[in-house]
Every structure is written in C-alpha cells, then in structure tokens.
Amino acid sequence: MLYGYNLAVVNSPAVYIKAFYNQSVVNRNGTGLSEETLTLMYSLTVSVFAIGGLLGSVIVGILVSRFGRKGTVLNTTVLVFIASLLMGFSRICGSPEMIIVGRFITGIHSGISLSVVPMYLGEIAPKNLRGFLGLVPSIFIGTGVFIAQILGLHELLGKEEHWPLFLSVVAVPTFIQLMLLPWFPESPRYLLIEKHNIHATITALKWYRSKCDIQAEIEEMQEEQRSLSSVETLSVWKLFHDDTVRWQVLSVMVINIGMQLSGIDAIWFYTNDIFEDAGIPAPEIPYTTAGTGIIEIIAGLVGCFSIEKLGRRPLMIGGFTMMGICCGGITVSLILQAHLPFMRYVGVTCVVGIIAGFCIGPAGVPFLITAELFKQSHRPAAYIVGGSLNWLSNFTVGFVFPFLQMSVGSYSYLVFGSICLSVAFYVYMVIPETKNKTFMEISQMFTKKEAVPETQGLILVDQLKLKKMNGYGGMEHASLEFDSSSSVP
C-alpha cells in the first residue's frame, strides 16, 4: 500500500513543492529558478523514488536470506520512519534536499517490499489460494493510490500549509504494521528449507493452518528441501548466457518494461496536470482524480477474481490493448477539445480506461508470470532482472514525461500507446498460456522456440518430474518426485 501511496502523493502538492523549491533557492542565492530548472528539480523528486526502488530490488535477496521474509519487512520499516522525518521537517529546515533524500529512501523500502511481500504471501498461503494471493498486492497498491488522492483533497491535507504532513503520513500505516506483524509467524518454508528448524516450522504451520492436517505439507517441503540441494541457483550473468531460457528472459524483460512504459506512472504522477490539459475546471480536478482511485480498486478486484478462470494471456493482452487505445483517445481529445468541448470528457474517460486496463492485468500479472516462466534454479535471477528493469523504466517515465509533454504536447501519449500495443502483440505471439501448466510443461513450450536440441531445454528430466505448481512457486504435495523410469523422448 505504501508503494501506491508514494506513487501518487507528489501529484496533489506539486505546485506547493515547486514554490517551496523556488523560495528556498531565493533565500539562499537571492535569485529564483528558471522554469526549466524547476521542472528538472521536481522531475528528480518524482523519479528518484524509482532509483531507490532499483537499489531495494537489487539487495532484497541478501536481506531475505539473512532476516527471513517477515524479518525483512519488519527491519526495513526504519527506512520509512527516517524518510518521514526528513520530508516532514523539510520546510522548517528550508531544505529541498531533505524531500529528495526522503523520496529516495521510501523508494528503497518500496523496492524491497514489492519483492518480499509477494514472496511472504506465496509461502504462507494454502495451495488453493497462491494464485489468487499473487494479485492481492496490486489491489493494495491501488488502495494506496486512492488514499493519497483522498488525503490530497483541499478539505483534508491538500492545503499549502499541510503538504509536509501529507508527504510524511506514511509513518502511520508503517507504525500499525510494526505493531501487528510481530504476532504473525515467519514463513514455514523459510524456516524449514533455509533454517532447517522443524520445530518452528510446525509451530508456524499450526498457526496458519489451525484446522488442517499439516503433515502432508511438511513432507512436501522436506522433499523440496532435498531436491534443491542438487540444483544450482543461477546468477543473473549465467541466466543471460543460458540459451535454454532465452525466450523466457526476453519475455520477462518485455512485460516488465512495458508495465512501466505503458504510461501508467505518468498518469499517477501527473494526473492533475493531465486533467488540467483536458480542460477540467481547477476546483473539480482533485475530486475527478480521487474518483479514478475507485476505478483502480474495482479493476484490481476484477483481475484478481478472474485470473484463474480467464488465464494470464487474456488479462495481459486485453489490458495492454485497452491502454493503447485509450492513450490514442487522450491525444485525439486534447487536439479537438478546443473545437468540441465535449472531448474533455472523452479525455477523462480515456484516463479512466488506462487505469482500469492496467489494474485488470498488467499491474499484477508480470510479477506472477515471472515465477511461472522459470524453474526454481532460475527464478531468483529472473526476479532481479524483472525488478531492475521495472524500476529503471519507472524512473525513465517519471523523469522524461514532463519534458516529453513540453516538447510534443498531446502527442506524447502516442508514444505510450504504441508501446502498449507492441507489448500486447508480443504477448499474443510469444508468451503461452501458463494457467494449470507445470513448470516443465511451460519449459517444453519455450524449448520449441529455441534453436537448440530439446534435451538441452529439459534439465534432469530423467530424474525429476515436476507436479502441478501454483502461484509464486508453491508446490503441491511432493512437487519434485524422483523417477528413474522417466526418459527424454
């Protein structure tokens, strides 16, 4: 939720933050900032959040191995409190740098959380809920955006004197999390497979499965533990040099880059500016923006409850196609609204369409499908690649969009639209449906695309048979089963 809040929190007080930056420089140097320099500083404030997220996504592997899943979430809350203090006291200290550093630190926390939270949920969830819970984080991201939009209203924290408090309010949900999360057990899989603590594993499973037989699940995790001892975990470097997963790696890169370059971050970061360009009266803009938050939550719920019925491909293809068409609609509405006043409402509808299309599929499916396209040995490196590209693309949009808008105006949305349609076409042509498929079946589908012998695409098939896996790598019963009678056809 904090990730969504931090995405949208800079939108409402943008004018006040820019005025603070300019006044601070006047107090120091006696002269104000040019329009270009002020835009550059504000763009840095928006996009430095993504640089912090990139750093967080890179170091998350070290943290979860040392502190565990729950431990990482708890220990990194200190970052939020530090950032909250910096941003909250920035105006008193007359320091724009404190805002920028605070945004960077919140980015680090978000980069860590976006990897740890799905991992934790996937490992504590029952088998039949792992796929569903894989998209739950995207709903809370939308909720965070909505809360930022509501608090940004003039009647609440949208006044000029309240913007430092508006930026630092992230400390409140973090404090609640810090009070409640210690009562929850650590991930049972982490306790057994990485810490070899069978007693703590049983205690955790009894807490999470109070009315279920945990013996079968313990045996499953023990089998997974034994199987992983003979499988080497690949580094990012080795992942890029493994020809057997060339298409999987390319697919993860395309969907994660497309997720951010779709323009959704431009919508979230600069919603008020977009509605202003669309001709919406200034007093109505905050309420229109807040209304889009409801659409985000509803669309996220639709995607969450339909993914196991429709599959991954329809949500991805439909979501990106809808976003591409709506980006073109925004351009048309901005061009024609001077002659056709009703076109401003078409523009608002297209903004809503972009948000709905994103939250239905592209918001959460890339994280889920990254797990499904790779076997256990390749998955950690794949998440690092996908997460890094995701945050780099986030930074690019946040930093470049204001200048793109200044140079080409309404045609800037055509750039996002073409990217969305290109990603939809790629998914249609390359990525197979992974619903109800085992990892080995998915691997075989991609092996047919490779110019290498099929035997190179199936590792240890004569020894290992994978049974059905769901969600973020959760295995059903004895997911790795030794069978010496199996052989490569």
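Residues numbered from 1 in each chain as written. Predicted model: local features only at pLDDT ≥ 70, side-chain atom pairs only at ≥ 80, totals over all residues. Heavy atoms only, no water.

Moving on: the overall build of the protein chain. Helices and strands together make up the secondary structure of the protein chain, namely 25 helices and four strands. Out of the 489 residues in the protein chain, the part that is buried amounts to 55%. Counting only contacts in the protein chain whose residues sit at least 6 apart along the sequence, the fraction spanning at least 24 positions is 79%. Roughly 20,600 Å² of accessible area belongs to the protein chain as shown, and the carbon and sulfur atoms make up 67% of that amount. (Helix = DSSP H or I, 4+ residues; strand = E, 2+ residues; numbered from the N terminus. Buried < 20%, exposed > 50% of the residue type's maximum accessible area, 1.4 Å probe, protein only. Contact = heavy atoms within 4.5 Å. Areas by Shrake-Rupley, 256 points an atom, 1.4 Å probe, with all protein chains shown as cover.)

Under the defined criterion, the tally for this structure stands at eight aromatic pairs. The interplanar angle of 25° and the centroid separation of 6.1 Å between the aromatic rings of Tyr3 and Phe49 together place this pair among those described as stacked. Remark: Phe49 occurs in helix 3 (residues 35-67) and Tyr3 occurs in helix 1 (residues 2-8); sequence separation between them is 46 residues. In terms of burial, Tyr3 and Phe49 fall into one category: buried. Among the aromatic residues, those joined into a ring-pair cluster are Tyr3, Phe49 and Trp391. The cationic tip of Lys18 hangs over the ring face of Tyr42; the distance from NZ or CZ to the ring centre is 5.1 Å. (Phe/Tyr/Trp six-rings, centres within 6.5 Å; stacked < 30°, edge-to-face > 60°. Lys NZ or Arg CZ within 6 Å of the ring centre and 35° of its normal.)

Attention now goes to a nonpolar patch on the surface. Taken together, the side chains of Val332, Ile335, Leu336, Leu340, Phe342, Tyr345, Val408, Tyr411 and Leu414 present a nonpolar region at the surface, about 820 Å² in accessible area. Tallying contributions element by element places helix 19 (residues 312-336) first for the nonpolar patch, with three residues. Tracing the backbone through its elements, the reader meets Leu336 in helix 19. (Patch = residues over 30% accessible without salt bridge, like charges linked within 9 Å, V, L, I, M, F, W, Y side chains within 5 Å. Salt bridge = Lys/Arg side-chain N within 4 Å of Asp/Glu carboxyl O.)

Along the chain, the position of Ser24 falls in helix 2 (residues 14-29). Accessibility expressed as a relative area gives 5% for Ser24, which makes it buried. Beyond its immediate sequence surroundings of up to four residues, Ser24 is in contact with Gly94 and Pro96.

In a regular helix each residue adds 1.5 Å, so 29 residues correspond to 42 Å; helix 7 (residues 96-124) covers 42 Å between its end C-alpha atoms and thus fits that length. Roughly 30° is the biggest bend found in helix 7, and it falls at Ser113. Counting buried residues in helix 7 gives 22 out of 29 residues, a clear majority hidden from the surface. (Expected span 1.5 Å × (residues − 1). Bend = angle between axes of the 7 residues up to and from the residue.)

With that out of the way, let us pick up the pattern of salt bridges. Scanning the model with the defined rule gives two salt bridges in all. A salt bridge links Asp243 to Arg246, with the nearest nitrogen and oxygen atoms 3.7 Å apart. The class of Asp243 is partly exposed, set by a relative accessible area of 39%.

Our focus in this paragraph is the packing of helix 2 against helix 7. Between helix 2 and helix 7, whose axes approach to 9 Å, the crossing angle comes to 135°. Classified by the angle between their axes, helix 2 and helix 7 sit oblique to one another. Along the contact surface, helix 2 presents Phe20, Tyr21, Ser24 and Arg28, while helix 7 presents Pro96, Glu97, Ile99 and Ile100. Tallied by class, the residues present in the contact of helix 2 with helix 7 amount to five nonpolar, one polar and two charged. (Axes fitted to C-alpha atoms, helices over the stretch in contact; angles between N-to-C directions. Parallel < 35°, antiparallel > 145°, perpendicular 65-115°, else oblique. Nonpolar A, V, L, I, M, F, W, Y, C, P; charged D, E, K, R; others polar.)

Turning our eyes to something else, we now look at the layout of surface pockets. Approximately 890 Å³ is the volume found for the second largest pocket. Along its surface, the second largest pocket is lined by 26 residues, and Met1, Val73, Val117, Phe140 and Gln177 are the ones closest to its centre. For the lining of the second largest pocket, the secondary-structure elements that each account for two or more residues are helix 1, helix 7, helix 8 (130-151), helix 10 (171-180) and helix 12 (198-208). Along the lines of polarity and charge, the residues of the lining of the second largest pocket split into 21 nonpolar, five polar and no charged. (1 Å grid on protein atoms, 1.4 Å probe; cavity = no way out; pocket = protein on both sides within 12 Å on 5 of 7 lines; lining within 4 Å. Points joined across faces, edges and corners; volume = space filled by probe spheres on them.)

This part covers the side chain of Gln260. By the secondary structure assignment, Gln260 is in helix 15 (residues 246-261). Looking at Gln260, the relative accessible area reads 2%, which means it is buried. Non-local contacts of Gln260, meaning those with residues more than four positions away in its chain, are made with Tyr3, Asp265, Asn390, Ser393, Asn394 and Val397.

All right, on to the environment of Tyr428 then. The residue Tyr428 is located in helix 23 (residues 412-429) in this model. Judged by relative accessible area, Tyr428 falls into the exposed class, the value being 52%. Along the backbone, Tyr428 and Pro314 are 114 residues apart, and their C-alpha atoms lie at a distance of 8.9 Å. Leave out the neighbours within four places in its chain, and Tyr428 touches Arg313 and Ile317.

Moving on to the nonpolar core. In this structure, Leu239, Ile354 and Phe374 are the most contacted members of the largest nonpolar core, which totals 57 residues. Residue contributions to this core peak at nine residues, all from helix 19. If sequence neighbours within four positions are ignored, Leu239 has contacts with Leu234, Val245, Val249, Phe374, His378, Ala381, Ala382 and Val385. Ranked by size, the runner-up nonpolar core spans 41 residues in total, among them Tyr5, Val9, Ala83 and Ile124. (Core = buried A, V, L, I, M, F, W, Y, C linked by side-chain atoms within 4.5 Å.)

Taking 1.5 Å of rise per residue, 26 residues should cover 38 Å, and helix 18 (residues 285-310) covers 35 Å from first to last C-alpha, within 8% of that figure. One or two positions beyond helix 18, positive phi appears at Gly311, with a value near 100°.

Moving on, we come to the confidence of the model for the protein chain. Mean pLDDT over the protein chain works out to 79, with 83% of the residues at or above the 70 mark. Looking across the protein chain, the model is least confident in strand 3 (residues 474-475), with a mean pLDDT of 36, and most confident in helix 5 (residues 77-88), with 94. Throughout residues 451-489 the model reports pLDDT below 50, and contacts reaching past four residues in sequence, or to other chains, amount to 82 contacts. (pLDDT = per-residue confidence, 0-100.)

With respect to the helices, strands and loops of the structure, Ile285 is situated in helix 18. By relative accessible area, which is 6% here, Ile285 ends up buried. Sequence-wise, Ile285 and Leu153 are 132 residues apart; in three dimensions their C-alpha atoms are separated by 9.5 Å.

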